[in-house]
2 protein chains.
Amino acid sequence: MTGTSRDIRTANRYRVLRQIIASSPVSRQELATVTGLSLATVATLVGELLELGLLTDVGFEDSDGGRPRGLVAVAPSRGALIGVDIAETYVHVEIFDLTLTVLAQAAVVLKPGAKRPEHVVAHVAAGIASVVEQSGTEPGQVLGAGISMPGQVDRATGSVVYAANWGWHEVPLLSLLAEHISYPLHLDNPLHACTVAELWFGAARGSSDAVVVNLGTGVGAGIAIGGTLHRGATNSAGEWGHTTLVLDGRLCHCGNRGCVEAYAGAPGIMQQLRDISPASPLLHPDDQTATILALASALEGGDPVAAQVIRETARYLGAAVADLIQLLNPEVIVLSSWVAAALGTPLLDGVRTAVAARTPARPFAAAEIVLSPISSDPVSLGAATFALEGALAAARQNTRRAVRR
Amino acid sequence: MTGTSRDIRTANRYRVLRQIIASSPVSRQELATVTGLSLATVATLVGELLELGLLTDVGFEDSDGGRPRGLVAVAPSRGALIGVDIAETYVHVEIFDLTLTVLAQAAVVLKPGAKRPEHVVAHVAAGIASVVEQSGTEPGQVLGAGISMPGQVDRATGSVVYAANWGWHEVPLLSLLAEHISYPLHLDNPLHACTVAELWFGAARGSSDAVVVNLGTGVGAGIAIGGTLHRGATNSAGEWGHTTLVLDGRLCHCGNRGCVEAYAGAPGIMQQLRDISPASPLLHPDDQTATILALASALEGGDPVAAQVIRETARYLGAAVADLIQLLNPEVIVLSSWVAAALGTPLLDGVRTAVAARTPARPFAAAEIVLSPISSDPVSLGAATFALEGALAAARQNTRRAVRR
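In this report, we go over the structure that sits alongside the text. (Residues numbered from 1 in each chain as written. Chains lettered and ligands numbered in written order. Predicted model: local features only at pLDDT ≥ 70, side-chain atom pairs only at ≥ 80, totals over all residues.)

### Quick word on the pairing of strand S5 (residues 90-96) of chain A
Residues and elements named next belong to chain A. With five of seven residues buried, S5 is to be regarded as a mostly interior element. Where strand S4 (residues 80-86) and S5 come together, six bridges link them in antiparallel fashion. Each bridged residue has a counterpart across the sheet, and for aspartate 85 the counterpart in S5 is histidine 92. Counted along the chain from S4 to the antiparallel partner S5, the turn is three residues long. Between the end of S5 and the start of strand S6 (residues 102-109), which pair antiparallel, lie five residues, with leucine 100 showing a positive phi angle near 65 degrees. (Buried ≥ 20, exposed ≤ 12 C-beta atoms within 10 Å, placed from the backbone. Helix = DSSP H or I, 4+ residues; strand = E, 2+ residues; numbered from the N terminus. Pairing = 2+ DSSP bridges.)

Right, here's the structure in full:
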């Protein structure tokens, strides 16, 4: 509870910067109007951002005969942000300017054996060094790096509490990274990273309440309430993949039965294909990606088996998305990650139909269901956004210290 | 989005008043410390509350040699609040002082035929007149009345969009009531009322993220995020009763299959009893209340059939509560309403066991699962709290108008 009013100030700061990124150059008066904050609050926040070098003054605009209004804009080259997407099979690193435009990227495929923390840390450190050099960024300009790591992560300590895929328990990831990297580091999970990416730059921008449904090998549902990521008491909000859709149903790899993930994740979709057509040539038994891509291209060719798999998947996924609408009554549901991108409109249409059949008219009408419009990797984009948020928080702490002195 | 910063100010106001109700008399300095708000913000909000007559100055406290600090306290008799709980079979009206202590109450049983809007409105108006008179409250002292009505309700227009039980469509309930009652009126649903009651006066007080699980004939899950009720885009957040627990499972009265309510509501629990022991003397086929109370007293006597019904119910309910923890990662889950009160500790223990089996250790440890500590009707208490919130909002608008003049 004590964190709440600090959270409110933080949310205000993000709201202002998001708006500046969206509509640079812009006056403080316009920011106040659009965000609903007072002009004094906006002026304070813009002052912090100017001091941090994130913004520059770029002149004045006429205000219908009144005093000319000062305009501010994002100063893209006054700092750089790094986003790191650690996944089961790869490490992906990107460096961004302050408008979150990609300047350079690096990717490493992780060998099946190389999953000890020191291996992963070495790859991340090398990737970061590579993008800083490729982009010609002065190290002093890097405001921070956001690290996305699948599993239960503790943001406060920067450690991985548990990562099922790699059997990591209590790995102090940021401390290990800090031996190689001197930038401020920020840890969170990919679900939260994708949600923040949609809030700042994607389909949830301008929405108060949104859910980002991540469809990959695993599935999750990042929740935004009041325009802010909802993290929960231990940073694990959004673990929708292991909520129950069919009590006593299909065995899930988590050990429970009937989880949403067992039907809507890539392995679940493969199971639908196996159930419908066990000998289908679309099935690549050891390759999820190949199977999903084969389904996607068969769908385009009008293949009836692929269509049936998508109908059945949409039936499961639609029931689970309907649950999110009943429970959270959001303004937008974004289907994100590689499975959603691959299966695209046919899956979206099927989900919409299934949701419509299960949801009262009013909350259904209020909830737009869309595919993610973010074309780059939303995880590294979101991770870089965490670094931006971290830089803002640090700037504010410095300002406070200066005021106290 | 434009409402967000107004929402933040509103949340601050509630936070301050909640704290004053909890720890009257109290200094502005202590309020600032406890709420995390600035002293200036607290002073402004306390000023509003003083002006409204909700608070009085009650002297000074010593501050370790510093300047004595002014103390404020709730002025219980400076205003009254009315809470109305309209249910399927009754109308329950209570009048409260400003500490939300009940001064008087009135209850009317609705006859099966008398469910037309004008009948219900007449009963509500009579109940309100009765409690005002019984309590000896001057009509001018009534700050407002909160009305809780089951169904989809539109707070902005004060109308009932749809009430399934009575077949009401688009009934302008507050307009009809305003022909009889001159107090400010505020409409919401019982799920939201119970949640606000727990936030202000019950097990969710002081929590940031909480879920109030309502177990009655219907079931729902009121959600609080950041210490504030989450209403959603069309005020229907929390419709957990019609989320899917068993896809293609038991038929629910809503027309879908496998809804949580079909297993965890009173009729669902009766079905568990029927499945286990079709000829059980505990079963009162046409009386949910009698059946649940018979189960409760049989449990106390160690009856094995009753124990099995509770185990099976806890298995369903536990899976559904585990879903809430996975998705929202709250600090507290409150089991509320008459079924939870009747089945009490045996149900609570069963739910805890079932949840533990399905939830990762960390979010499970973070989520306290408790029975509601509110001994009075939480719906009318919550409805009266809406009236208090409404009075605060009105006071603020008046203050603003005064400033503009």
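After presenting the structure, the write-up continues.
### So, the pairing of strand S15 (residues 332-336) of chain A
All names here are of chain A. The element S15 is extensively covered by neighbouring structure, given that five of its five residues are classed as buried. Of the two faces of S15, the one lined by Val332, Val334 and Ser336 and the one lined by Ile333 and Leu335 are each fully buried. Relative to S15, strand S12 (residues 210-215) runs parallel, the two being bridged by five bridges. Its bridge partner lying in S15, valine 213 is registered against leucine 335. Relative to strand S16 (residues 368-371), S15 runs parallel, the two being bridged by four bridges. Across the sheet, residue leucine 335 finds its bridge partner in S16, namely leucine 371.

### Looking at the relation of the copies chain A and chain B
Between chain A and chain B, the superposition needs a rotation of 180 degrees and an axial shift of 0.0 Å, giving an RMSD of 0.1 Å. Within this description, the copies of the chain are treated as partners about a two-fold rotation axis. Within chain A, A:Val246 has its C-alpha nearest the rotation axis, a separation of 2.2 Å. (Least-squares fit on C-alpha atoms with pLDDT ≥ 70 in both.)

### Remarks on the sheet that holds strand S7 (residues 142-148) of chain A
Residues and elements named next belong to chain A. What the five strands build is an open sheet, ordered S6-S5-S4-S7-S11; its pairing is mixed. Looking along the sheet, the strands with just one partner apiece sit at the ends: S6 and strand S11 (185-188). On average, adjacent strands in this sheet sit at an angle of 15 degrees to one another, irrespective of strand direction. As paired strands, S4 and S7 are joined by six bridges and run parallel to one another. Counterpart to aspartate 85 in the pairing with S7 is serine 148. Here helix H4 (residues 117-134) sits on the sheet and contacts S4, S5, S6 and S7; the angle it forms with S5, its principal contact strand, is near 30 degrees. (Axes fitted to C-alpha atoms, helices over the stretch in contact; angles between N-to-C directions. Contact = placed C-beta atoms within 7 Å.)

### Focus: the interface of chain A and chain B
Reports often express the size of an interface as the amount of accessible area lost when the parts come together. On the side of chain B, 50 residues touch chain A, which itself brings 50 residues to the contact. By residue number, the principal contributor to the side of chain A that touches chain B is helix H1 (residues 4-23) of chain A, which donates six residues. Partitioning the side of chain A that touches chain B into residue classes produces 19 nonpolar, 23 polar and eight charged. (Nonpolar A, V, L, I, M, F, W, Y, C, P; charged D, E, K, R; others polar.)

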